[in-house]
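Coordinate analysis (summary)
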Amino acid sequence: MHVKYRCPVKGHIRIPIHFGIPTDFIRYEFEVNELDQLTHISAIIPVPDKSMWPTVRTSNDAGVSLAINITSPFFEVARRDLRAAEGMLALFGIESIDTENVEESWLPDSPEEKRELELYSFTRGKAHRPVSEWPFTPFDLIARAFLSAHRGRDIETALSFFRKGRADVIESRFIEAVFDFLFMIESLYAKGKFKSTQVEHEYLASDELQSIIKAAVQDDVLKRNIAGDERIKRAYLHDYHGKTPSQITKHMVDLRGFLHHHSKNRKDIWHPDDHVRFGADAYFLQQLCFAVGFRLLEPVMFAPEFVKKYQELAQQDASSKAVASKEG
């Protein structure tokens, strides 16, 4: 039995020929499109141990018909080598070898293995909600953003950090999201300080920030966000669950310092593609910065004068449409 991990490739690489490349443990195969552009790289690994094969069982959980046990054997070994090759090939046009949105398939070596196999393939990935299922946004929110835009110039930079961070979260670029959100908090609450001890002191001295941290870590939206990935959920339980605002503040400052420095000699140093490691941080900081952003936004966009102006415009629009309807 073999398992195959098929990874999408982004970049500007065309190869005139290609064939399988065997190594001591993994065999690599390559796919191109009609223009010879490299589109996928697959890592194929032998899995003789049946306990590592995927299994499918009837589920006892309400609303779930099947319980699928996926072990993805030796995937982390393949990921490390794929990342190493990705780094080397970056000098020749590779942008990424995507080891998150991977198609995993199982290749029996005999009819007997085929009969015993319970799951042949599946694809990792993040499904996006169809537009038809999106909730409607009240138009008065859109309108008042433009009515108050001239007054919102002073808060635009901070809100742009949130905007960029949220876009990164949607695309699972959690490291970039953490940077964006931390810059938003630093811009608003660090008072120009940059040393870790000074930044932590300023954060702890802000009653507003501490109260927002306390509320954010208890928010149901955050709990739903982290529940989708068991790795992120474990990190959340370790770093945030049951922690006080001051403990979370220290974690935020430590995270800031950890990500701002890098040393190849440190064993636990972060990898620029290991986004899942920082998923819990990104989701928490997104919740925190959403609350911070709303506090900035509320006195501007929800000012009585802009609410009144929108109501006047809405009444004028309704009157114009009523007249047009009668004339029609």
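Residues numbered from 1 in each chain as written. Predicted model: local features only at pLDDT ≥ 70, side-chain atom pairs only at ≥ 80, totals over all residues. Heavy atoms only, no water.

Focus on the overall build of the protein
- Broken down by element type, the protein carries 12 helices and nine strands.
- Each of the three principal axes of the protein carries a C-alpha extent, and together these read 75 × 65 × 50 Å.
- Burial statistics for the protein: of 328 residues in total, 35% are counted as buried.
- Contacts in the protein between residues far apart in sequence, at least 24 positions, make up 65% of those at least 6 positions apart. (Helix = DSSP H or I, 4+ residues; strand = E, 2+ residues; numbered from the N terminus. Buried < 20%, exposed > 50% of the residue type's maximum accessible area, 1.4 Å probe, protein only. Contact = heavy atoms within 4.5 Å.)

What about helix α5 (residues 174-189)?
- The terminal C-alpha atoms of α5, which comprises 16 residues, lie 22 Å apart, in line with the 22 Å expected from a rise of 1.5 Å per residue.
- With its phi angle positive at about 55°, Lys191 sits one or two positions after the end of α5. (Expected span 1.5 Å × (residues − 1).)

A closer look at the pairing of strand β3 (residues 27-32)
- Two strands pair when backbone bridges link them, and strand β2 (residues 21-22) and β3 are joined in this way by two bridges, in the antiparallel orientation. The partner of Ile21 across the bridge, within β3, is Tyr28.
- Counting the residues between successive antiparallel strands, the hairpin from β2 to β3 contains four residues.
- Where β3 lies against strand β4 (residues 38-46), six bridges are found, and the strand directions are antiparallel. The residue of β4 that forms the bridge with Glu31 is His40. (Pairing = 2+ DSSP bridges.)

So, the environment of His12
- Along the chain, His12 turns up in the loop between β1 (2-11) and β2.
- For His12, a relative accessible area of 66% gives the class exposed.
- Considering only alpha carbons, one finds His12 and Leu255, 243 residues apart in sequence, at a separation of 34 Å.
- With near-sequence residues (within four places) excluded, His12 lies in contact with Phe92, Gly93 and Glu95.
- Among the polar contacts listed, one links the side chain of His12 to the side chain of Glu95, at a separation of 3.4 Å. (Polar contact = N/O pair within 3.5 Å; in protein donor to acceptor, adjacent residues only side chain to side chain.)

A closer look at the packing of helix α4 (residues 156-170) against helix α11 (residues 279-301)
- Between α4 and α11, the shortest axis-to-axis distance is 10 Å and the interhelical angle comes to 150°. Comparing the axis directions of α4 and α11 gives the class roughly antiparallel. Relative to α11, the crossing made by α4 is left-handed. From α4, Ala158, Leu159, Phe162, Arg166 and Val169 reach across to α11, where they touch Ala282, Tyr283, Gln286, Cys289, Phe290, Gly293 and Leu296. (Axes fitted to C-alpha atoms, helices over the stretch in contact; angles between N-to-C directions. Parallel < 35°, antiparallel > 145°, perpendicular 65-115°, else oblique. Left-handed = near helix turned anticlockwise from the far one by under 90°.)

Examining unusual backbone geometry
- A positive phi angle, near 65°, is found at Phe74, a position not held by glycine.
- Considering the arrangement of structural elements, one finds Phe74 in the loop between β6 (66-69) and α1 (75-89).
- Exposure remark for Phe74: the relative accessible area of 30% places this residue in the partly exposed category.
- Phi is positive for Ser172, close to 60°, though the residue is something other than glycine.

Describing the pattern of salt bridges
- Under the counting rule described, the total for this entry stands at 19 salt bridges.
- Across the pair Glu100 and Arg231 runs a salt bridge whose closest N-O atoms are separated by 3.9 Å. Here Glu100 is found in the loop between β7 (94-97) and β8 (103-107), whereas its partner Arg231 is found in helix α9 (residues 230-239), with 131 residues between them in sequence.
- For Asp140, the salt bridge is made with Arg144, and the minimal N-O distance between the two is 2.5 Å. Of this pair, Asp140 and Arg144 both sit in helix α3 (residues 139-147), four residues apart, roughly one helical turn. (Salt bridge = Lys/Arg side-chain N within 4 Å of Asp/Glu carboxyl O.)

Description of the nonpolar core
- Formed by 44 residues in total, the largest nonpolar core has its most connected members in Ile185, Tyr203, Met252, Phe278, Phe284, Leu285 and Leu288.
- Top contributing element to this core by residue count: α5, with nine residues.
- Not counting chain neighbours up to four residues away, the residues in contact with Ile185 comprise Ala190, Tyr203, Leu209, Met252, Leu288, Cys289 and Val292.
- Counting 23 residues, the second-largest nonpolar core is a separate cluster that includes Ile13, Tyr28, Ala43 and Ile97. (Core = buried A, V, L, I, M, F, W, Y, C linked by side-chain atoms within 4.5 Å.)

Don't take any of this as a statement about function, it's just geometry.
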